[in-house]
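Read off the chains here:
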Amino acid sequence: AQSVSQHNHHVILSEAASLELGCNYSYGGTVNLFWYVQYPGQHLQLLLKYFSGDPLVKGIKGFEAEFIKSKFSFNLRKPSVQWSDTAEYFCAVKTKGDYKLSFGAGTTVTVRA
Amino acid sequence: DAMVIQNPRYQVTQFGKPVTLSCSQTLNHNVMYWYQQKSSQAPKLLFHYYDKDFNNEADTPDNFQSRRPNTSFCFLDIRSPGLGDAAMYLCATSTRPTSGGTDTQYFGPGTRLTVL
């Protein structure tokens, strides 16, 4: 099974600041990569996903992530955050063909107005 | 909109009293999953169904069972809830994973279980 590490437990930013959340995984095989977001009181929603092709993927709400295979990383970025981006962010990894989706511990992002 | 629905959103039970959580989907996905998410932790897979084929994770306690009577519905039964079972329970669905696949798991809103 995959092991997924998210480097930051809690990030506090001001509006308009840039955001980067780190994610590393353990397995070097062929993987599918995901970022999910959980807004306060809401369910897990898919932000973006990577299956193959261009390693820079764009998701909803201005988020993007870059897959760097040599570093086993899939870092999430947003150039300018808004107060509404306050949420918990989960990186998740799955070996292609497997059922099990392994999650990182999550990063709580607090954006101050 | 196609979606994953969980009922109830909040469930309170007593220590040792059996409880059933429900999940339904309109996505027509053949795989359904149950996850347990404790406070400030990552979701942890308990088991999944591929159609009617049940697959238990090795570390899922026997206290947790599941039923899938048809494609649309899946139930999580906790036979004798303990205080440590208080958590958010998440249902998810996907198409069947394949080696070249692009399957994605879609989550319901969760049921928050409190054990008194």
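Refer to the structure printed above.
Report on the accompanying structure. Given the structure is predicted, the values throughout are model-derived calculations rather than measurements. (Residues numbered from 1 in each chain as written. Chains lettered and ligands numbered in written order. Predicted model: local features only at pLDDT ≥ 70, side-chain atom pairs only at ≥ 80, totals over all residues. Heavy atoms only, no water.)

## Thoughts on the nonpolar core
So, point 1. Judged by nonpolar contacts, the single largest core of 28 residues is most densely connected at A:Trp35, A:Leu48, A:Phe74, A:Leu76 and A:Tyr89.
So, point 2. In this structure A:Phe74 touches A:Cys23, A:Leu33, A:Phe34, A:Trp35, A:Leu48, A:Tyr50, A:Val57, A:Ala65, A:Glu66 and A:Phe67, once residues within four positions along its chain are discounted. (Core = buried A, V, L, I, M, F, W, Y, C linked by side-chain atoms within 4.5 Å. Buried < 20%, exposed > 50% of the residue type's maximum accessible area, 1.4 Å probe, protein only. Contact = heavy atoms within 4.5 Å.)

## Topic: the pairing of strand 10 (residues 87–95) of chain A
Residues and elements named next belong to chain A.
So, point 1. With nine of nine residues buried, strand 10 lies mostly within the body of the structure.
So, point 2. Every second residue of strand 10 is oriented toward a common face, with Ala87, Tyr89, Cys91, Val93 and Thr95 on one face and Glu88, Phe90, Ala92 and Lys94 on the other, all of them buried.
So, point 3. The pairing of strand 5 (residues 31–38) with strand 10 spans eight bridges and is antiparallel. Looking at strand 10, one finds that valine 31 is bridged to threonine 95.
So, point 4. As judged from the three bridges shared by strand 10 and strand 12 (residues 107–112), these two strands associate in the antiparallel manner. Bridge pairing in strand 12 links glutamate 88 to threonine 108.
So, point 5. Sheet analysis places strand 10 next to strand 11 (residues 102–103), joined by two bridges and oriented antiparallel. Bridge pairing in strand 11 places alanine 92 opposite phenylalanine 103.
So, point 6. Two successive antiparallel strands, strand 10 and strand 11, enclose a turn made up of six residues, where glycine 97 displays a positive phi of approximately 95°. (Helix = DSSP H or I, 4+ residues; strand = E, 2+ residues; numbered from the N terminus. Pairing = 2+ DSSP bridges.)

## Things to note about the state of the cysteines
So, point 1. Applying the stated criterion across every chain, the model contains two disulfides over all chains.
So, point 2. With a sulfur-sulfur separation of 1.9 Å, A:Cys23 is cross-linked through a disulfide to A:Cys91. When the S-S torsion is -65°, as for the bridge of A:Cys23 with A:Cys91, the disulfide is left-handed. Of this pair, A:Cys23 sits in strand 4 (residues 23–25) while A:Cys91 sits in strand 10; the two residues are 68 residues apart in sequence, bridging distant segments of the chain. Like A:Cys91, A:Cys23 is buried.
So, point 3. With a sulfur-sulfur separation of 2.0 Å, B:Cys23 is cross-linked through a disulfide to B:Cys91. Measuring handedness by torsion sign, the sulfur bridge of B:Cys23 and B:Cys91 sits at about -75° and is left-handed. Here the residue B:Cys23 occupies a position in strand 3 (residues 19–25), and B:Cys91 occupies one in strand 9 (residues 87–94), the gap between them amounting to 68 residues. Each member of the pair, B:Cys23 as well as B:Cys91, is classed as buried. (Disulfide = S-S within 2.5 Å.)

## With respect to the sheet that holds strand 3 of chain B
The strands making up a sheet are joined through hydrogen bonds of the backbone, oriented either antiparallel or parallel.
Residues and elements named next belong to chain B.
So, point 1. Pairing is antiparallel in the open sheet, where four strands are placed in the order 1-3-8-7. Pairing within the sheet leaves two strands with one partner each, and these edge strands are strand 1 (4–7) and strand 7 (64–67). Within the sheet, the average angular offset between the axes of one strand and its neighbour, ignoring direction, is 20°.
So, point 2. In the sheet, strand 7 pairs with strand 8 (residues 73–78) via four bridges, with the strands oriented antiparallel. In the strand pairing of strand 8, phenylalanine 64 is matched with isoleucine 78. (Axes fitted to C-alpha atoms, helices over the stretch in contact; angles between N-to-C directions.)

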